[in-house]
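Structural characterization, general
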Amino acid sequence: MARKTPARAQPEPAAPDHADWRDAPTRDERGRMIREGLFRAAAAVVGERGYQEASISLITQHAGVAQGTFYNHFKSRQDLLDQLLPTLGKDMLEHVGRCAREGKTLIEREELGFRAFFSFLRENPHFFRILNEAESFAPKAYRAHLDLVAAGYVSFFRRAAQGGELRGFAERDLEVVAFVLMAARSYLAWRYVYGEEQHDDIPDWVVTAYRRLISHGLTGLADVIAEPDAG
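What the protein contains, in helices and strands, is ten helices and zero strands. Reading the helices (α) and strands (β) of the protein from amino to carboxyl end gives α-α-α-α-α-α-α-α-α-α. Counting all 231 residues of the protein, 42% fall into the buried class. A separation of at least 24 residues holds for 71% of the contacts in the protein among residues at least 6 apart in sequence.

Spelled out as structure tokens, the structure:
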């Protein structure tokens with residue numbers, strides 16, 4: 001069952017940006033810009049009102065296009081909703097990947113990727129609601145998103161294992177680790193960004209605790225750290 005997104009003031013949808021596509025130099029470019037505008041409009045409407053109230057009329061009104069234009073790009077309202085989360089998910093993965101590449105070690109890259117996930121939420125405030133409600137209202141999109149993120153995570157860990165940074169995990173373990181850390185990001189966002197405290201960004205002390213956990217869990221350091229004396 002999808003977690004209920006805690007109440008949080010959502011920004012009002014931005015004004016339609018239809019002037020851009022009207023000035024496009026070619027028909028293909030115009031079509032591309034309209035399609036992207038419909039995705040942005042759908043993200044804003046779902047983020048503000050939820051999937052149930054995200055009608056074609058609201059989406060096209062926000063995008064600044066006629067309802068008939070909608071069907072040049074999507075077969076139905078559900079077709080758009082089924083593509084929305086995977087499209088945003090690809091944007092999120094690209095953002096996380098760019099940030100994580102700056103790290104010199106597995107732990108540094110994972111910490112940078114962790115922070116990047118939360119900076120993506122800050123820049124895309126509707127993403128968390130779109131993600132959580134998709135499990136109920138766009139299950140195909142939800143599964144596609146999970147598969148996409150997990151596959152990227154597994155590839156990340158596989159490269160680390162090949163480089164000798166990830167020890168003690170078999171190939172089949174990598175997906176397990178990926179889903180554990182995916183769940184951690186989601187629930188930490190629910191608690192420390194969208195919960196009662198409602199931080200604009202993930203607190204540094206949460207990142208420190210996360211890094212401590214993965215430093216022991218991913219590199220095997222916990223196996224060689226002595227237990228503290230009883231006294």
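As a further point, take the confidence of the model for the protein. When pLDDT is averaged across the protein, the result is 85; 84% of the residues are at 70 or more. This stretch, residues 221–231, has a pLDDT under 50; its non-local contacts, to residues over four places away or in other chains, come to four contacts.

Turning our eyes to something else, we now look at the packing of aromatic side chains. Throughout the structure, instances matching the rule amount to 13 aromatic pairs. Plain terms: the ring middles of F114 and F118 are 5.1 Å apart, the flat faces sit at 65° to each other, and that makes the pair edge-to-face. Taken together, the residues span about one helical turn, with F114 and F118 both in helix α6 (residues 106–123) at a distance of four residues. For the residue pair F114 and F118, the accessibility class agrees, reading buried in each case. Judged by centre distance (5.3 Å) and plane angle (50°), the rings of F156 and F157 are tilted. F157 matches F156 in its accessibility class, with the two residues each being buried.

Right, let's talk about the packing of helix α5 (residues 77–100) against helix α8 (residues 139–162) for a bit. One way to put it is that α5 packs onto α8 with a least axis distance of 7 Å and a crossing angle of 20°. Looking at the two axes, α5 sits roughly parallel to α8. Here the hand of the crossing between α5 and α8 comes out right-handed. Judged by residue contacts, L81, D82, L85, P86, G89, K90, M92 and L93 of α5 engage K140, A141, Y142, A144, H145, L148 and V149 from α8. Within the contact of α5 with α8, the residues separate by chemical class into ten nonpolar, two polar and three charged.

Glancing now at the pattern of salt bridges. Within the structure shown, the criterion is met by eleven salt bridges. Here R49 makes a salt bridge to E53, at a shortest N to O gap of 3.9 Å. When its relative accessible area of 42% is taken as the criterion, R49 is described as partly exposed. Measuring nitrogen to oxygen at the nearest pair gives 2.6 Å for the salt bridge that ties R211 to E111. Taken together, the positions of R211 in helix α10 (residues 204–219) and E111 in helix α6 put the pair 100 residues apart, joining distant regions of the chain. Residue R211 is classed as partly exposed on the basis of its relative accessible area of 33%. Three or more residues joined by partner-sharing salt bridges are found here, namely E111, R115, D204 and R211.

With that out of the way, let us pick up the nonpolar core. The biggest cluster of nonpolar side chains holds 62 residues, and the ones touching the most others in it are F127, F157 and L218. Breaking this core down by element, the ones donating at least two residues are α2 (27–49), α3 (56–63), α5, α6, α7 (127–137), α8, α9 (173–192) and α10. With nine residues, α8 is the single largest residue contributor to this core. In this structure F157 touches L106, L166, L174, V177, A178, L181 and L218, once residues within four positions along its chain are discounted.

Checked against the element boundaries, S119 lands in helix α6. A relative accessible area of 11% means that S119 is categorised as buried. Side-chain polar atoms of S119 contact the side chain of H95, separated by 2.7 Å. Excluding its chain neighbours within four sequence positions, the residues that come into contact with S119 are H95 and D201.

Side chains of residues three or four places apart in an α-helix project in the same direction, reflecting 3.6 residues per turn. I56, I59, T60, H62 and A63 are the residues of α3 that are buried. The buried residues of α3 occupy an angular sector of 160° when the element is viewed end-on, so they sit on one face. Taken from the residues just after α3, G64 is the one with a positive phi, measuring 80°.

What counts and how
- Residues numbered from 1 in each chain as written.
- Predicted model: local features only at pLDDT ≥ 70, side-chain atom pairs only at ≥ 80, totals over all residues.
- Heavy atoms only, no water.
- Helix = DSSP H or I, 4+ residues; strand = E, 2+ residues; numbered from the N terminus.
- Buried < 20%, exposed > 50% of the residue type's maximum accessible area, 1.4 Å probe, protein only.
- Contact = heavy atoms within 4.5 Å.
- pLDDT = per-residue confidence, 0-100.
- Phe/Tyr/Trp six-rings, centres within 6.5 Å; stacked < 30°, edge-to-face > 60°.
- Axes fitted to C-alpha atoms, helices over the stretch in contact; angles between N-to-C directions.
- Parallel < 35°, antiparallel > 145°, perpendicular 65-115°, else oblique.
- Left-handed = near helix turned anticlockwise from the far one by under 90°.
- Nonpolar A, V, L, I, M, F, W, Y, C, P; charged D, E, K, R; others polar.
- Salt bridge = Lys/Arg side-chain N within 4 Å of Asp/Glu carboxyl O.
- Core = buried A, V, L, I, M, F, W, Y, C linked by side-chain atoms within 4.5 Å.
- Polar contact = N/O pair within 3.5 Å; in protein donor to acceptor, adjacent residues only side chain to side chain.
- Arc of directions from axis to C-beta.

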